[in-house]
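# Chain and residue survey
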Amino acid sequence: MPPQGENEAARLSATAQAPAAAQPPEAARPVESSQPPAQKKYGFFTALAMIIGICIGSGIFFKSDNVLAATGGSIALGVAVFCLAAFAIVFGGISFSELAARTEGPGGLIAYAETFVGKRFGVAVGWFTIFGYLPSIVVVVSWAVGIYTCILFDIDAGIGLQMLIGGAFMILCFIWNMLAPRFAGAFQNVTTVVKLIPLLLIAFFGLVFGDPLAGLSQHGSAAAGASLAWVAAIGPVAFSYDGWIVSAAIAPELKNAKKTLPIALVVAPIIILAIYVGYFVGVSSFLGPDTVVAMGDGHVFYLAEQLFGPQFARVVAVGVVVAVMGTVNGLTLSFVRMPYALALSGDIPFSRYVGRLSRRFGMPIASGVLALAVSAFWVMLHVVTQTAGLLPNSDVSEITIASSYILYIVLYVRVFLLWRSGEIRSRFKGVVAPAFATIGSLFICIGSMQNPAFWSCLAASFAICAAGVVYDRFKHKPTDS
């Protein structure tokens, strides 16, 4: 993971200001920025570690039972869904790396949207990210912290106590990411390593002492196999992989980014896929799909106890809790900076305050407070939907993730148009990659449609985008002289 230090504020300022200098989409040329060029200080392994560290977190522990429930207990179908999601990410990463290579300033999804599509599309993406996508994921992963903390200490708790514990940790993450960014960076580095330990241990011993061949030969319930009910597993799997797009933001700081980033964006998902499939098959074949579904989110601790005994299982359990905490920290590390990025160009309410850096801490404190307030709203929304059973075998984050893949398709089309104009010469990178990435995105969206609340949540997601566009038009409307 890239180091976090006192120069974070300067790099943040450069990152946030880059989109404002974007040229109109028809120009499709690199952004010209008054900021000095980024220092080329990161190599291939840093890019690889960043992608793996962002993607691997709570999802695989938190969603394996959901995947098996959706596939009717079929391990083979579950593995197929993991592979299809990795397919979407690999080709999506190749496509985005072409955009990153043509953006001289520090990149990121908002910057690509403004540079290659248009200012208002960039604002729409920014509003969706700040008011929908990121807070929904932060809240659900914070909920996972509460769930696994209660399981670790044998506390019989409902969503109220689970969310209270997770919400308290979420607030701590926001505080130290605003006031102590050096500590937040160190915490992120440590948890990136820690989170791999329980995954690899459980995957190895589950495969060795289980019967993976017999498990893979089971086809699950006839109903799930005969119908398309198993497609509902795509939502939980997409949650497990989510976060990969963030890695493209460091493209300007990578040595030989045009070569390094595409390789990292292909190799990293393959490594993640291998770890996920190993864990999923190991857990499912050792305990059996029915037991995993019945145990729910507690299956990982039950398996650790069966494999290692009660004492060592506690160590594994601590590793799982720390891994999930690291995911919350990584998300908030990014989230506190997002409102600041839009505030610099006046594209968010209270930009005068949100766009300020604290002289004492060198951080956008008001931006972080706004992000925390939005997350608090999503905490209430999440508790209501779970208590009322409005999202069975799902949560508020899965549809916002699907909505983000719809927005990605617009950028994949831009990659194809860059190939048509001759700026991308490789047919594979300009045609094959965006085409397959689009197919993968549509597959994820189709899977999410199995959720009964899909269309209402999708409408809410695009309402947020529309609100951003309306605000941008009102804020920057020419005044009569």
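Here, every reference points to the structure presented above.
The structure displayed is predicted, hence computed values, not measured ones. (Residues numbered from 1 in each chain as written. Predicted model: local features only at pLDDT ≥ 70, side-chain atom pairs only at ≥ 80, totals over all residues. Heavy atoms only, no water.)

Helices and strands together make up the secondary structure of the protein, namely 21 helices and zero strands. Within the protein, buried positions represent 58% of all 481 residues. A separation threshold of at least 6 residues defines the contact pool for the protein, and within that pool the share at least 24 residues apart is 81%. If you sum the accessible surface of the protein, you get close to 19,100 Å²; carbon and sulfur atoms cover 67% of it. (Helix = DSSP H or I, 4+ residues; strand = E, 2+ residues; numbered from the N terminus. Buried < 20%, exposed > 50% of the residue type's maximum accessible area, 1.4 Å probe, protein only. Contact = heavy atoms within 4.5 Å. Areas by Shrake-Rupley, 256 points an atom, 1.4 Å probe, with all protein chains shown as cover.)

So, on to helix H12 (residues 234-241). Across the eight residues that make up H12, a large majority, eight, are buried. Buried residues of H12: Ile234, Gly235, Pro236, Val237, Ala238, Phe239, Ser240 and Tyr241, and no others. Two residues or fewer past H12, Gly243 is found with a positive phi of approximately 115°.

To continue, consider unusual backbone geometry. Despite not being glycine, Asp154 has its phi angle at roughly 55°, a positive value. Examined against the element boundaries, Asp154 turns out to sit in the loop between helix H6 (119-152) and helix H7 (159-179). Asp154 sits in the exposed class, given a relative accessible area of 62%. Unlike most non-glycine residues, Phe350 shows phi in positive territory, near 60°. By relative accessible area, which is 64% here, Phe350 ends up exposed.

Per the counting criterion, the structure on display carries six salt bridges. The partner of Lys429 in a salt bridge is Glu98, with the nearest N and O atoms 3.9 Å apart. Here Lys429, found in helix H20 (residues 427-448), pairs with Glu98, found in helix H4 (residues 75-100); they are 331 residues apart in sequence, far enough to count as distant. When salt bridges that share partners are traced, they join Lys119, Arg120, Asp347 and Asp472 into one network. (Salt bridge = Lys/Arg side-chain N within 4 Å of Asp/Glu carboxyl O.)

Quick look at the environment of Pro364 now. By the element assignment, Pro364 lies in the loop between helix H17 (351-354) and helix H18 (365-387). It is 7.1 Å that separates the C-alpha atoms of Pro364 and Met178, two residues lying 186 residues apart in sequence.

A few words on the side chain of Glu98. Among the residues examined, Glu98 registers a relative accessible area of 8% and is labelled buried. Sequence-distant contacts of Glu98, defined by excluding residues within four places in its chain, comprise Ile424 and Lys429.

By themselves, these are just geometric observations and shouldn't be taken as functional.
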